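Examining the three-dimensional arrangement
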Amino acid sequence: AQSVSQHNHHVILSEAASLELGCNYSYGGTVNLFWYVQYPGQHLQLLLKYFSGDPLVKGIKGFEAEFIKSKFSFNLRKPSVQWSDTAEYFCAVNPHDYKLSFGAGTTVTVRA
Amino acid sequence: GAVVSQHPSRVICKSGTSVKIECRSLDFQATTMFWYRQFPKKSLMLMATSNEGSKATYEQGVEKDKFLINHASLTLSTLTVTSAHPEDSSFYICSARGVAGVSYNEQFFGPGTRLTVL
């Protein structure tokens, strides 16, 4: 069975610091990759997605992610975080059957 | 575009009663909708896949007689929690996948429904 691993459970950092969240998946075939964000009390929002093409994907709010096929990874990055980036971040993967498998999530706390 | 709504946003019910949650795709047709459950500080767990006009497909460990799913139209799926108990209290989230031409490989999420069973 495929699985999605997010390496960091809770990340605490200061404003303007750089952020990188790790995501690895175990599925060996062609997959679609997503990063979602859930702000406190709000619903899931799509940050970015990768289906094919350029492995460096740019999303909303200054986020980007890089797909490295050989490492089965899709890490999320932001060069300079803001207090408003405090949220829960979920990596998700789906293969051809369109079912999304989510990672456990990473709580990001940005201190002003 | 691609907006998904859920109703109600919050519901409190007594143990033993049934609760219906609606999931609607507002501006696109969704042949497939998904129902997830999210526990506090936890990830989303897929409960079932709802296909318009056919029976839902449940994930392993999810009781189909307890969580009734109906997908009667291309814009509406409902989840009914029957004979709810306190352990059913959770955050239920639906998502919808569009037909071809509307981000076919992407799911659009609803805002979720907070169910509290007393």
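What you see is a predicted model, and the numbers here were worked out from it, not measured in a lab.

Right, let's get into the sheet that holds strand β8 (residues 76–81) of chain B. Through backbone hydrogen bonds, the strands of a sheet pair up, either in parallel or in antiparallel fashion. Residue and element names in this part refer to chain B. Taken together, the four strands give an open sheet; going across it, the order is β1-β3-β8-β7, and neighbouring strands pair in antiparallel fashion. Each edge of the open sheet carries a strand with a single partner, namely β1 (4–7) and β7 (67–73). Neighbour-to-neighbour, the strand axes of the sheet open up by a mean angle of 15 degrees, direction not taken into account. Where β1 meets strand β3 (residues 19–25), four bridges bridge the pair, whose relative direction is antiparallel. Across the sheet, Q6 pairs through a bridge with C23, a residue of β3.

This next bit is on the packing of aromatic side chains. Evaluation of the coordinates by the stated rule reveals 13 aromatic pairs over all chains. Measuring from ring centre to ring centre gives 6.3 Å for F90(A) and F102(A), while their planes differ by 85 degrees; the resulting arrangement is edge-to-face. Of this pair, F90(A) sits in strand β10 (residues 87–94) while F102(A) sits in strand β11 (residues 101–102), placing them twelve residues apart in sequence. The pair F90(A) / F102(A) is uniform in exposure class, with both members buried. Taken together, the ring pairs in this structure connect F34(A), Y36(A), F51(A), F90(A), F102(A), Y36(B) and F109(B) into an aromatic cluster.

Further remarks concern the state of the cysteines. Considering all chains together, one arrives at two disulfides over all chains under this definition. Sulfur-sulfur distance for the disulfide between C23(A) and C91(A) comes to 1.9 Å. Around the S-S axis, the bridge from C23(A) to C91(A) shows a dihedral of about -65 degrees and counts as left-handed. Placement of C23(A) in strand β4 (residues 23–25) and of C91(A) in strand β10 is noted, with a sequence separation of 68 residues between them. Each member of the pair C23(A) and C91(A) is classed as buried. With no disulfide of its own, C13(B) lies 18 Å from the sulfur of C94(B), the closest cysteine sulfur. Owing to a relative accessible area of 8%, C13(B) belongs among the buried residues under this scheme.

Our focus in this paragraph is the nonpolar core. Counting 28 residues, the largest nonpolar core has W35(A), L48(A), F74(A), L76(A) and Y89(A) as its most contacted members. Core analysis: the next-biggest nonpolar cluster, separate from the first, contains 25 residues, C23(B), V62(B), F67(B) and V81(B) among them.

If you walk through the whole model with that rule in mind, you get eight salt bridges over all chains. Here R24(B) and E22(B) are joined by a salt bridge, their closest N and O atoms 3.4 Å apart.

The rules we used
- Residues numbered from 1 in each chain as written.
- Chains lettered and ligands numbered in written order.
- Predicted model: local features only at pLDDT ≥ 70, side-chain atom pairs only at ≥ 80, totals over all residues.
- Heavy atoms only, no water.
- Pairing = 2+ DSSP bridges.
- Helix = DSSP H or I, 4+ residues; strand = E, 2+ residues; numbered from the N terminus.
- Axes fitted to C-alpha atoms, helices over the stretch in contact; angles between N-to-C directions.
- Phe/Tyr/Trp six-rings, centres within 6.5 Å; stacked < 30°, edge-to-face > 60°.
- Buried < 20%, exposed > 50% of the residue type's maximum accessible area, 1.4 Å probe, protein only.
- Disulfide = S-S within 2.5 Å.
- Core = buried A, V, L, I, M, F, W, Y, C linked by side-chain atoms within 4.5 Å.
- Salt bridge = Lys/Arg side-chain N within 4 Å of Asp/Glu carboxyl O.

Shape descriptors only; they carry no functional weight alone.
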